[in-house]
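Overview (structure and organization)
The residues making up each chain are set out below.
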Amino acid sequence: MIIRTETPADIDAIYALTATAFAHQPFSDGSEPDIINRLRDAGGLRFSFVAERDGQILGHVALSPVAIKGQSNWFGLGPIAVIPERQKLGIGTALMKRALAGLQQITASGCVLVGNPDFYSRFGFISNGALTYFDTPTQYVQFTQLTGSEPRGEITYHDAFGGA
Ligand SMILES: CC(C)(COP(=O)(O)OP(=O)(O)OC[C@H]1O[C@@H](n2cnc3c(N)ncnc32)[C@H](O)[C@@H]1OP(=O)(O)O)[C@@H](O)C(=O)NCCC(=O)NCCS
């Protein structure tokens, strides 16, 4: 398996696998595949990595710029998805590591995400109770600092995360 930057030929596969992976998640409203396309169309897809094996796209992760008061050069991780029949085999871990390596390469201040700490804490993500995202319980609002200082306040994601 390789992790590489997306190409135009991957766009449909990324859409399909993201739709499938989020389809039965109780926290999902099904918007994730369209968010990725809107990010791409708006030039907001700072990184888009795919996991590929034998020509098949098995997973994907997106990174886009976010705004946090008093800080700059932070990025939001997500959506991230692995096709259901290949989950729990380490593909998500490989995508997470590549995503964070990409941010290190561009000397990003850090990375935020909203998700299950059971998965993300192993990659160094923590919550501090002061970083917020609407009314999401703060234990799900996590960050990892790279060169920046500790983030506080509301995360504002790219407009692509808004309405359809
Ligand atoms: C989350 C996701 C990308 C992880 O990909 P993956 O390839 O299954 O991840 P890995 O195989 O690298 O898993 C590593 C570990 O995380 C655990 N894990 C995977 N998904 C998890 C989740 N949603 N919550 C908690 N733990 C999770 C695995 O059980 C595994 O644990 P272990 O090492 O103790 O056995 C994948 O499960 C997925 O696509 N889920 C549906 C979409 C989704 O929920 N995306 C994230 C939204 S925040």
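It should be noted that the structure appears before, not after, this text.
In what follows, the accompanying structure is described. Quick caveat, the model's predicted, so the values are computed rather than measured. (Residues numbered from 1 in each chain as written. Predicted model: local features only at pLDDT ≥ 70, side-chain atom pairs only at ≥ 80, totals over all residues. Heavy atoms only, no water.)

A short note on the site of the ligand
Taken together, 21 residues lie near the ligand, and V82, K88, G90, G92 and T93 sit nearest. Contact between the ligand and T93: an oxygen atom at 2.5 Å from a side-chain N or O atom of the residue. Taken by itself the ligand offers 870 Å² of open surface, and the protein chains cover 73% of this. Secondary-structure elements contributing two or more residues to the shell around the ligand are α1 (11-22), β4 (74-82), α3 (91-105) and α4 (117-120). Here the shell around the ligand is built from residues that sort into eleven nonpolar, seven polar and three charged. (Near = heavy atom within 4 Å. Polar contact = N/O pair within 3.5 Å; in protein donor to acceptor, adjacent residues only side chain to side chain. Areas by Shrake-Rupley, 256 points an atom, 1.4 Å probe, with all protein chains shown as cover. Helix = DSSP H or I, 4+ residues; strand = E, 2+ residues; numbered from the N terminus. Nonpolar A, V, L, I, M, F, W, Y, C, P; charged D, E, K, R; others polar.)

Brief notes about the pairing of strand β8 (residues 153-156)
For strand β3 (residues 56-68) and β8, the ladder comprises two bridges, and the chain directions are antiparallel. Its bridge partner lying in β8, I68 is registered against I155. Note that strand β6 (residues 131-132) and β8 share two bridges and pair parallel. Note that in β8 the partner of L131 across the bridge is G153. (Pairing = 2+ DSSP bridges.)

Comments concerning the side chain of T144
In this fold, T144 is placed in strand β7 (residues 141-145). Residue classification places T144 among the buried residues on the basis of a relative accessible area of 12%. Those residues in contact with T144, other than ones at most four positions away along the chain, are W74, L100, G110, C111, G124 and F125. (Buried < 20%, exposed > 50% of the residue type's maximum accessible area, 1.4 Å probe, protein only. Contact = heavy atoms within 4.5 Å.)

Here's the deal with the layout of surface pockets
In this structure, the largest pocket occupies an estimated 1,200 Å³ of space. F22, F27, I80, V114 and Y120 are the residues nearest the centre of the largest pocket, which is lined by 33 residues in total. For the lining of the largest pocket, the secondary structure elements donating two or more residues are α1, α2 (32-41), β4, α3, β5 (110-114) and α4. Looking at the lining of the largest pocket element by element, the count peaks at six residues for β4. (1 Å grid on protein atoms, 1.4 Å probe; cavity = no way out; pocket = protein on both sides within 12 Å on 5 of 7 lines; lining within 4 Å. Points joined across faces, edges and corners; volume = space filled by probe spheres on them.)

This is a description of form; function is not addressed.
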